[in-house]
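Structural features, examined
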Amino acid sequence: PSPPPPKKSHNNFFLMHRNKSIVPPNKNIKIVPQGPTNALAGYCVIVSGVLDSMSREEFYDYARAHGAVVSTSVTAKLTHLVNDHGEVGPSKKTKCTQLGVEIVSEDYFFNLVRAACDSKPP
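Computed from a prediction, not measured in an experiment: that's the story for all the values here. (Residues numbered from 1 in each chain as written. Predicted model: local features only at pLDDT ≥ 70, side-chain atom pairs only at ≥ 80, totals over all residues. Heavy atoms only, no water.)

**Things to note about the overall build of the protein chain**
Counting secondary structure elements, the protein chain contains four helices and four strands. Taken from N to C terminus, the helices and strands of the protein chain fall in the order α-β-α-β-β-α-β-α. Here the protein chain, with 122 residues, has 34% of them falling under the buried criterion. A sequence separation of at least 24 residues applies to 74% of the contacts in the protein chain between residues at least 6 apart. Total accessible area computed for the protein chain in this model is approximately 7700 Å², and 57% of it derives from carbon and sulfur atoms. (Helix = DSSP H or I, 4+ residues; strand = E, 2+ residues; numbered from the N terminus. Buried < 20%, exposed > 50% of the residue type's maximum accessible area, 1.4 Å probe, protein only. Contact = heavy atoms within 4.5 Å. Areas by Shrake-Rupley, 256 points an atom, 1.4 Å probe, with all protein chains shown as cover.)

Written out as structure tokens, the structure reads:
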């Protein structure tokens with residue numbers, strides 16, 4: 001007879017809920033730069049874990065407002081996975097490694113928006 005299938009781990013379930021229950025530590029403290037609507041054009045992002053100063057939904061709104069595409073899964077089109085605190089889910093981390101997707105903080109995108117503001121002609 002064949003061996004029984006491996007039991008499913010509930011670790012990912014608890015990891016997901018722990019990450020969703022953590023409040024961003026610098027919410028309403030950090031200055032979030034605003035810039036041109038094309039500052040993040042060409043980027044495709046997904047959030048995993050907890051960000052430093054905003055919720056996932058707030059970051060997705062911010063990214064879209066600056067021209068980025070928001071993804072709901074790790075695919076070949078994804079350019080960056082954003083994470084500051086908490087843990088990146090193991091399957092997302094593995095897929096990012098396989099696809100060469102960078103894992104960065106929200107500050108990475110804030111700096112891109114700042115740079116776009118600095119490069120705007122007067």
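Now, onward.
**Comments concerning the pattern of salt bridges**
Inspection of the entire model under this criterion finds five salt bridges. Note that Glu58 and Lys27 form a salt bridge whose closest N and O atoms lie 2.6 Å from each other. Taken together, the residues Glu58 in helix H2 (residues 56–65) and Lys27 in the loop between helix H1 (11–21) and strand S1 (44–47) connect sequence positions 31 residues apart. Residue Lys27 is classed as partly exposed on the basis of its relative accessible area, which comes to 27%. It is possible to trace a salt-bridge network through shared partners that takes in Lys30, Asp52, Glu106 and Asp107. (Salt bridge = Lys/Arg side-chain N within 4 Å of Asp/Glu carboxyl O.)

**Things to note about the side chain of Ser71**
Note that Ser71 resides in the loop between strand S2 (69–70) and strand S3 (80–82). Looking at Ser71, the relative accessible area reads 13%, which means it is buried. In this view, Ser71 contacts Cys44, Val45, Ile46, Tyr60 and Leu78; residues no more than four positions away in its chain are not counted.

**Brief notes about the side chain of His66**
Along the chain, His66 turns up in the loop between H2 and S2. For His66, a relative accessible area of 1% puts it in the buried group. The residues touching His66, leaving out its near neighbours within four places in the chain, are Pro33, Gln34, Gly35, Pro36, Thr37, Asn38, Ala39, Leu40, Ala41 and Val113.

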